[in-house]
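Observations on chain architecture
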Amino acid sequence: MSTLEFFLAGTFSAATIFLLAALGELVAEKSGVLNLSVEGMMAVSAAIGFLVTYETGNHLLGFAVAGVAGVLISLVFALTTITFLANQVASGLAVGILGLGLSALIGRDYESLTIPSTDGIQIPVLSEIPLIGPVLFQQNLVVYMTFLLAIIIGYTLKHTRLGLAIRSTGENPHAAQALGFPVFLIRYGCVAFGGLLAGFAGAYASTIYTPLWADGMIAGRGWIAVALVVFGTWKTGRIAFGALLFGMVSLGELIAQSMGASIPSQLLSSLPYIVTIVVLAIISTDKARMRLHSPFSLGETFDGTEGR
Amino acid sequence: MPFKLQRREHASRLMLIAAPLSAVVLSTIVCSGLLFILNKPVGQTLYSFFIAPFENFYSITEVFLKFGPLLLIAQALAVGFRAKVWNIGAEGQMIVGAIAASSVPVYFVDSTSDWLLPAMIILGALGGMAWAAIAAFLKTRFNANEILVTLMLTSIALQLLYYLLLGPWKDPMGFNFPQTVMFQNEALFEPLFSGVRLNTSIAIPIIFTIVIWLFMERHFGGFKLVVGGLAPQAATYAGFSAKKAVWVSLLLAGFAAGLAGMSEVAGPIGQLQRSVTSGYGYSAIIVAYLGALNPLGIVFAAFFLAVLQIGGDVALVSANLPISAVHVFQGLLLIFYLAVYTLVHYQFKPIRSASLSATSDHVT
């Protein structure tokens, strides 16, 4: 593989982590719930996914258990904010702290261990094409599934009755309830779905992208996923584009090193965070546009009473 | 759902006190269960967490050593949280404060001037404020979400710290460890008693707490921040500026976190190193909430979390428990607190008709 091929192929692989987590957060936010515990959910799932894969050698099982772990953690958040009406921002932080602590506790005996890496799928004929072949047609199955999922989620939100129910709940839960939509159930479902995808994102990070466990390995990617939802103005296509952009930026360090550039590695490590801040500032400047695109009741608790 | 939550006519004062206490009890129970599953000695760990920190004089001074920065940062964060300014990057502001303060002894290695410490105090506060000002500027000028910006700034501050410690500020005689020279005595706070690490910097959080209390409870300025956060339109109508609330909240937090970072390098650590913050910036968020965002409540909450932190250090040795167990406990504490806090404004009402589902029981 040439450096360019390696770079572009790696971009898709790195983007998959961001995209999975961001799609989950998108669905939760569309239903009006701001779940800031993505980083923590990913960390727990990454630890459990690694542990299961390491012990059984079965990647699929690792993914499944990681997904379940993500759902369980997200249900703690759902119970706190949806049933007990707690502040979503503070609860998200709390569950995030719990998640990071749990991940360190679970992964303690597995620190720095590795598992064999998995091969990508070689799509016949297409993978033989120079440049495009290795970049697009030799990726891991999860990469294809994730981008397919983006299309499915985009379509579901926009064109189906389920999507309408989710969007109504996020825009105005009082009206949605009056229309007969089960608001609490929808919000629970959307938060759990977000937990599932954050779980898969964590498992992908610790078992496929870099097949090892290290405490703190999620390294802010969950937070960048939350930011991606804002960058994409709650639209799947733009979120996928943003994920690819950040996949590319996060490879900057590796690429610069391989080319022998003399930039301090700490500056390169900071790059994704700096880019996040800059893009966030640019996207958010238009206040009216942001309000138009964001789910209207996002972050507000809903106690089941009739409209305000 | 066999019950529903109904809004109370008046906030319950009893629940205001009961919420943090039940959070402590519930977290302790869940944490014990977790330890049991993980096959760790439950009794031994609980003893280490809650009793051991009070066993001798040195431990008690160590509790107060942790109490200081937690109190200082949490008081400032609570002002912002009351105004709905979500600064969760106190950790980063603390790092930059520590860096700015350390520049003095790093560049004046041989100085024995009495002005070292005052200069460090001023630079520490300014460093934290400058870092927080970035978020305030981006929020007020570009509407950029302060949660994400302050968090990203923390990651950047950490990289800046690593760069300095591995590069220009590395102690040339330090066997390549990522740390600066040990600071001279003139750049350090005086210990309160001989043989302990607790030092005169404890005065800073105490004075700060009194000032904040006066500001929030007695002065009109506190009202402005509350109004600015809770009802921006009402605030604008009354001539208060939401932008001002953002600036005041963030600069205050930067000031406090910067001073906390300074107190660490000029106190127990005595140099700049990688683990300069000990996670105070994050723990302070929990302290602020557990104290009900109230200056007096925060004093108790800060003390409790300081005990827990020292207890965690003890459990690390006595029960071979990783320090992450303390984070689990802290996370649970805040989750339970937030859930139970709802009962200050709501009460349980049993649902009479069993045929109605939980989701449609309000539709009439």
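**Digging into the overall build of chain A**
Along chain A, the regular secondary structure elements total 13 helices and zero strands. Shown N-terminal to C-terminal, the secondary structure of chain A runs as helices and strands in the order α-α-α-α-α-α-α-α-α-α-α-α-α. In terms of C-alpha radius of gyration, chain A reaches 19 Å, essentially the compact-globule figure of 19 Å for 308 residues. Along the longest, intermediate and shortest principal axes, the C-alpha atoms of chain A span 60 × 40 × 40 Å.

**Quick look at the overall build of chain B**
Across its full length, chain B holds 13 helices and two strands. Here chain B holds 364 residues, and 55% of them are scored as buried. Within chain B, contacts between residues separated by at least 24 positions form 78% of all contacts whose residues are at least 6 apart in sequence. Carbon and sulfur atoms make up 67% of the accessible area of chain B, which amounts to about 16100 Å² in all.

**Remarks on the interface of chain A and chain B**
In this assembly, 46 residues from chain A lie in contact with 47 residues from chain B. Counting the surface lost from both chain A and chain B, the interface buries some 4200 Å², and carbon and sulfur atoms represent 77% of this. On inspection of chain A and its partner chain B, the count reaches zero salt bridges. Those elements that place two or more of their residues in the side of chain A that touches chain B are α3 (59-83), α4 (88-106), α9 (183-209), α10 (221-231) and α12 (265-284) of chain A. Looking at the side of chain A that touches chain B, the element that brings in the most residues is α4(A), giving 12 residues.

**Brief notes about the side chain of B:Thr209**
Residues and elements named next belong to chain B. Following the sequence through the fold, Thr 209 ends up in helix α7 (residues 203-218). With a relative accessible area of 10%, Thr 209 lands in the buried category. Apart from the residues lying within four places of it in its own chain, the contact partners of Thr 209 are Leu 71, Gln 75, Pro 295 and Val 299.

**Details of the confidence of the model for chain B**
Residue-level pLDDT values for chain B average 89, and 89% of them are 70 or greater. Here residues 354-364 of chain B is modelled with pLDDT under 50, and outside its nearest four sequence neighbours on either side it reaches 17 contacts, counting other chains as well.

**A look at the packing of aromatic side chains**
Per the stated rule, a full pass over the model turns up 23 aromatic pairs over all chains. Residues A:Phe84 and B:Phe348 carry aromatic rings whose centres are separated by 6.5 Å and whose planes lie at 85 degrees to one another, so their mutual orientation is edge-to-face. Pair noted here: A:Phe84 is in the loop between α3 and α4 and B:Phe348 is in strand β2 (residues 346-350), and the two residues belong to different chains. Exposure remark for B:Phe348: the relative accessible area of 39% places this residue in the partly exposed category. Three or more aromatic residues joined by ring pairs form one cluster here, namely B:Phe49, B:Phe50, B:Phe304 and B:Phe329. Over the ring of B:Phe142 we find B:Arg141; its NZ or CZ atom is 4.8 Å from the centre of that ring. For B:Arg274, the ring lying beneath its charged end belongs to B:Tyr162, and the centroid distance is 4.0 Å.

**Describing the pattern of salt bridges**
For side chains bearing opposite charge, pairing can occur when the charged atoms are close. Residues and elements named next belong to chain B. A full pass over the atoms with the stated rule returns two salt bridges over all chains. The salt bridge involving Glu 62 is made with Arg 197; its shortest N-O contact spans 2.8 Å. Here Glu 62 is found in helix α3 (residues 57-82), whereas its partner Arg 197 is found in the loop between α6 (146-166) and α7, with 135 residues between them in sequence. Glu 62 gets classed as buried once you look at its relative accessible area, which sits at 9%. The class of Arg 197 is partly exposed, set by a relative accessible area of 36%.

**A few points about unusual backbone geometry**
Backbone geometry places A:Leu85, a non-glycine residue, at a positive phi of 55 degrees. Here A:Leu85 falls in the buried class, since its relative accessible area comes to 11%. Positive phi outside glycine occurs at B:Ala292, with the angle close to 55 degrees. Among the structural elements, B:Ala292 can be located in the loop between α11 (280-290) and α12 (295-318).

**Overview of helix α5 (residues 116-142) of chain B**
Between its first and last C-alpha, α5(B) extends 38 Å over 27 residues, near the 39 Å set by a 1.5 Å rise per residue. In the segment just after α5(B), B:Asn143 is the residue with positive phi, at about 65 degrees.

**Observations regarding the packing of α12(B) against helix α13 (residues 324-345) of chain B**
Residues and elements named next belong to chain B. In the contact formed by α12 and α13, the axes pass within 10 Å of each other and the chain directions differ by 155 degrees. The orientation of α12 with respect to α13, classified from their angle, is roughly antiparallel. Note that α12 runs across α13; the crossing there is right-handed. Along its contact with α12, which presents Phe 304, Leu 305, Leu 308, Gln 309 and Gly 312, the element α13 presents Val 326, Phe 329, Gln 330 and Leu 333. Looking at the contact of α12 with α13 residue by residue, the class counts come to six nonpolar, three polar and no charged.

**Quick word on the nonpolar core**
Of all hydrophobic cores here, the largest spans 206 residues; its most connected members are A:Trp223, B:Ile73, B:Met120, B:Leu272 and B:Tyr289. Discounting chain neighbours no more than four positions away, the residues touching A:Trp223 are A:Leu36, A:Glu39, A:Leu93, B:Ile88, B:Ile147, B:Leu148, B:Leu151 and B:Met152.

**Points about the packing of α4(A) against α13(B)**
Between α4(A) and α13(B), the least distance of the axes is 7 Å, while the angle of their chain directions is 155 degrees. As the angle between them shows, α4(A) and α13(B) are arranged roughly antiparallel. Crossing of α4(A) over α13(B) shows left-handed handedness. Contacts between α4(A) and α13(B) involve A:Ala90, A:Ser91, A:Ala94, A:Val95, A:Ile97, A:Leu98, A:Gly101, A:Leu102, A:Ala104 and A:Leu105 from the former and B:Ser324, B:Ala325, B:His327, B:Val328, B:Gly331, B:Leu332, B:Leu334, B:Ile335 and B:Leu338 from the latter. By residue class, the composition of the contact of α4(A) with α13(B) is 14 nonpolar, five polar and no charged.

The rules behind each value
Just so you know, the residues in each chain are numbered from 1, in the order the chain's sequence is written. Throughout, the order in which chains and ligands are written sets their labels, letters from A for the former and numbers from 1 for the latter. Predicted model: local features are reported for residues with pLDDT of at least 70 only, side-chain atom pairs are reported and counted for 80 or more only, and whole-chain, interface and lining totals are derived from all residues. With hydrogens and water set aside, each side-chain value is computed from the structure's full complement of heavy atoms. The way it works is that DSSP assigns letters per residue, a run of H or I at least four long becomes a helix, a run of E at least two long becomes a strand, and they are numbered from the N terminus. With C-alpha atoms as the basis for the radius of gyration, the globule rule is written as 2.2 Å multiplied by the number of residues raised to the power 0.38. Accessible area is worked out with a 1.4 Å probe on protein chains only. A residue is then buried under 20% of its type maximum, exposed over 50%, and partly exposed in between. The contact rule is simple, with two residues in contact once any of their heavy atoms fall within 4.5 Å. Only the protein chains shown count as covering a residue, and every accessible area follows the Shrake-Rupley method with a 1.4 Å probe. Buried area counts how much accessible surface, traced with a 1.4 Å probe, disappears from two parts once they are put together, with both parts' losses summed. We define a salt bridge as a side-chain nitrogen of Lys or Arg found within 4 Å of a carboxyl oxygen belonging to Asp or Glu. Confidence of the prediction at every residue is given by pLDDT, a number between 0 and 100. Ring pairs are drawn from Phe, Tyr and Trp, using the six-membered ring of Trp, whenever the two centres fall within 6.5 Å, and their geometry is named by plane angle: stacked under 30 degrees, edge-to-face over 60, tilted for the rest. We call a charge positioned over a ring when the NZ of a Lys or the CZ of an Arg lies within 6 Å of the ring centre and within 35 degrees of the ring normal. Each helix should span, by expectation, one fewer than its residue count multiplied by 1.5 Å. Convention adopted: a line fitted to C-alpha atoms gives each axis, helices being fitted over their contacting stretch, and angles between N-to-C directions are expressed from 0 to 180 degrees. In what follows, roughly perpendicular refers to angles from 65 to 115 degrees, roughly parallel to angles under 35, roughly antiparallel to angles over 145, and oblique to any angle outside these ranges. Handedness of each helix crossing follows the sense of rotation of the near helix against the far helix: counterclockwise by less than a right angle gives left-handed, clockwise gives right-handed. When residues are sorted by character, Ala, Val, Leu, Ile, Met, Phe, Trp, Tyr, Cys and Pro go into the nonpolar class, Asp, Glu, Lys and Arg into the charged class, and all the rest, Gly among them, into the polar class. We define a nonpolar core as any set of buried Ala, Val, Leu, Ile, Met, Phe, Trp, Tyr and Cys residues linked to one another through side-chain atoms lying within 4.5 Å.

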